[in-house]
Amino acid sequence: MSCGPGPVIVELPIEDINRPDVQEAGRHAILEHNTKENDNLTFIHVVNGLAPSFVTGVSTYYILVIKATTANGTLWTYVANITKYFTIPSPSYHLNSFSDVIPYK
């Protein structure tokens, strides 16, 4: 006997983009990108995003549109996919992907 398929997970718009957990995930995306790419972006804020309709007790993820300034002060927009792990005593993050919304270099 089969238990059937697991839950269907769809990404839904984040209704309150100013929630502290969403903004914190955006900050971590910029920090991890800077570390991996030896870049010097400065986080401004998350402007839009998606989150899964179903959250496990172990982790969740966000697809975020983030405003940041480049090393030369240019305001630019990026998209990041970041996983948040519910670890103790504080959450940890893993940056899955990061790119310019419009390529810039």
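For the structure, see preceding data.
Reading the values: rules and limits
Residues numbered from 1 in each chain as written. Predicted model: local features only at pLDDT ≥ 70, side-chain atom pairs only at ≥ 80, totals over all residues. Heavy atoms only, no water. Helix = DSSP H or I, 4+ residues; strand = E, 2+ residues; numbered from the N terminus. Expected span 1.5 Å × (residues − 1). Buried < 20%, exposed > 50% of the residue type's maximum accessible area, 1.4 Å probe, protein only. Contact = heavy atoms within 4.5 Å. Pairing = 2+ DSSP bridges. Phe/Tyr/Trp six-rings, centres within 6.5 Å; stacked < 30°, edge-to-face > 60°.

### A closer look at helix H1 (residues 20-37)
Inference 1: Here H1 contains 18 residues, and its C-alpha end-to-end distance of 26 Å stays within 8% of the 26 Å for a straight helix at 1.5 Å per residue.
Inference 2: Of all the positions in H1, only Val 22, Gln 23, Ala 25, Gly 26, Ala 29, Ile 30, Glu 32, His 33 and Asn 34 are classed as buried.
Inference 3: As for H1, its buried residues are in contact with strand S2 (42-52), strand S3 (59-69), strand S4 (75-85) and strand S5 (92-100).

### A few points about the pairing of S2
Inference 1: Pairing analysis gives three bridges linking strand S1 (residues 11-13) to S2, with the strands arranged antiparallel. Counterpart to Leu 12 in the pairing with S2 is Ala 51.
Inference 2: In the sheet, S2 pairs with S3 via seven bridges, with the strands oriented antiparallel. Paired with Asn 48 across the two strands is Val 65, which belongs to S3.
Inference 3: Here S2 folds back onto S3, and the loop between the two strands holds six residues.

### A word on the packing of aromatic side chains
Inference 1: Evaluated as defined, the whole model comprises one aromatic pair.
Inference 2: On the numbers, 5.2 Å between centres and 20° between planes, the contact of Tyr 78 with Phe 98 is stacked. On the criterion of sequence distance, the pair formed by Tyr 78 in strand S4 and Phe 98 in strand S5 is long-range, its members being 20 residues apart.

### Some details on unusual backbone geometry
When glycine is set aside, most residues are seen to have a negative phi, and most peptide bonds are trans.
Inference 1: Cis geometry is found at the peptide bond from Ile 88 to Pro 89, where omega equals 10°.
Inference 2: Tracing the backbone through its elements, the reader meets Pro 89 in the loop between S4 and S5.
Inference 3: The phi angle at Asn 38 is positive, at roughly 50°, despite the residue not being glycine.
Inference 4: Its place among the elements puts Asn 38 in the loop between H1 and S2.

By themselves, these observations are geometric and do not establish any function.
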